[in-house]
Amino acid sequence: MSETKTLLLTGASRGIGHATVRRFNAAGWRVITCSRQPFPAECPWGGGADNHIQMDLSDPNDVIAKVEVLRERLGGRLDALVNNAGISPKGPEGERLDTFSTDLRTWGQVFHVNFFASVVLARSLRDELAAARGAVVNVTSIAGSRVHPFAGAAYATSKAALVALTREMAHDFGPLGVRVNSIAPGEIRTAILSPGTDKLVESIPMRRLGEPDEVANTIFFLCSEGSSYISGTEIEINGAQHV
């Protein structure tokens, strides 16, 4: 009988994260989630509350402290780490924050959640990932490669940095048998879509929004044997919006 595989996922409470939890759970994986919120009682996967760790990814001290809790839960191996958590602050009227209007504290908060937490978790759990010859997936964004009408400057640059980090991690983790890739979603039907997204859809060649399940399926592929020689790459999931 094969050993149950384990996924560690940040940012699981909604949208892409929630769909990813469901996809891996349906395949029989144990799913450990971490976010700054307590486990939501309405979440539908079995054992979820017992496998949730409250962690403030914007606080490096909390992340470092909670890694030890994670290590205890993992028991020596981790098959997949998905760095999905991300924040994109807006202005008082919901407006996009550009390089002029983003203050230093906001830059720091965004980079701690969207970028630094990813490398701290992966580096801290490298022995567990190596023991399982596991996979890391970093969730970037179409905003990491172009100015986006809604995503702010701090969000966009943090995601661009995460693409470069994926490349560096693939180089460093490769000798351990660990693969590192990223996915760059475009306009996905989630609760955080900004007003005006319907106008963007008109310019997407596939003429529709992506669904969270479509992103989750790609993440699952990158954590499975079907992608066993894929590392250091970014997969665009945007209905050809990037062309």
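- In the annotation of an unreviewed UniProt entry, the entry for the chain reads 3-oxoacyl-[acyl-carrier-protein] reductase FabG, and the organism field reads Roseovarius mucosus.
- Recorded in UniProt for the chain, the comment headed Sequence similarities (unreviewed entry) runs: "Belongs to the short-chain dehydrogenases/reductases (SDR) family."

**What about helix H1 (residues 15-26)?**
Next up, step 1: Over its 12 residues, H1 runs 17 Å from end to end, which matches the ideal 16 Å to within 8%, given 1.5 Å per residue.
Next up, step 2: Residues of H1 that are buried sit in contact with strand S1 (6-10), strand S2 (30-35), strand S6 (179-185) and helix H7 (212-222).
Next up, step 3: Just downstream of H1 lies Gly28, where phi reads positive at about 90 degrees.

**Remarks on the nonpolar core**
Soluble globular proteins tend to pack their nonpolar side chains together in the buried interior.
Next up, step 1: Formed by 32 residues in total, the largest nonpolar core has its most connected members in Leu8, Leu70 and Leu81.
Next up, step 2: Counting residues per element, the ones that place at least two in this core are S2, helix H2 (60-74), helix H3 (104-124) and helix H5 (153-173).
Next up, step 3: Per element, the largest residue contribution to this core is 7 residues, and it comes from H3.
Next up, step 4: In contact with Leu70, other than residues within four places in its own chain, are Leu8, Ile32, Ile53, Met55, Leu121 and Leu125.
Next up, step 5: Counting 21 residues, the second-largest nonpolar core is a separate cluster that includes Val21, Phe24, Val139 and Ile188.

**Some words on unusual backbone geometry**
Next up, step 1: A positive phi angle, close to 45 degrees, is found at Arg133, a residue other than glycine.
Next up, step 2: Note on Arg133: relative accessible area 61%, which makes it exposed.

**Examining the packing of aromatic side chains**
Next up, step 1: This model, assessed by the stated rule, comprises 6 aromatic pairs.
Next up, step 2: Measuring from centroid to centroid gives 5.0 Å for Phe24 and Phe220, while their planes differ by 70 degrees, and the two rings are edge-to-face. Placement of the pair is Phe24 in helix H1 and Phe220 in helix H7, with a sequence separation of 196 residues. For the pair formed by Phe24 and Phe220, the shared burial category is buried.
Next up, step 3: Among the aromatic residues, ring-to-ring pairing joins Trp107, Phe111, Phe115 and Phe116 into one connected group.
Next up, step 4: We note Arg23 situated over the ring of Phe220; from NZ or CZ to the ring centre the distance is 3.9 Å.

Rules and cut-offs
Along each chain, the written sequence defines residue order, and numbers are assigned to residues from 1. pLDDT decides what is reported in this predicted model: residues at 70 or higher carry local features, side-chain atom pairs at 80 or more are listed and counted, and totals for whole chains, interfaces and linings draw on all residues regardless. Just so you know, side-chain values use all the structure's heavy atoms and leave hydrogens and water out. UniProt positions are given in the numbering used here, feature names are shortened, and annotations may be inferred rather than shown by experiment. Segments assigned H or I by DSSP are reported as helices when at least four residues long, segments assigned E as strands when at least two residues long, and all are numbered from the N terminus. Each helix should span, by expectation, one fewer than its residue count multiplied by 1.5 Å. We call two residues in contact when some of their heavy atoms are within 4.5 Å. Only buried residues count toward a nonpolar core, which is a set of Ala, Val, Leu, Ile, Met, Phe, Trp, Tyr and Cys residues joined through side-chain atoms within 4.5 Å. Here the term buried applies to any residue with accessible area under 20% of the maximum for its type, exposed to any over 50%, and partly exposed to those in between, with areas from a 1.4 Å probe on protein chains only. Classification of ring pairs rests on two measures: the distance between centres of Phe, Tyr or Trp rings, Trp counted by its six-membered ring, which must be within 6.5 Å, and the angle between planes, read as stacked under 30 degrees, edge-to-face over 60 and tilted in between. Whether a charge sits over a ring comes down to the Lys NZ or Arg CZ being within 6 Å of the ring centre and within 35 degrees of the ring normal.

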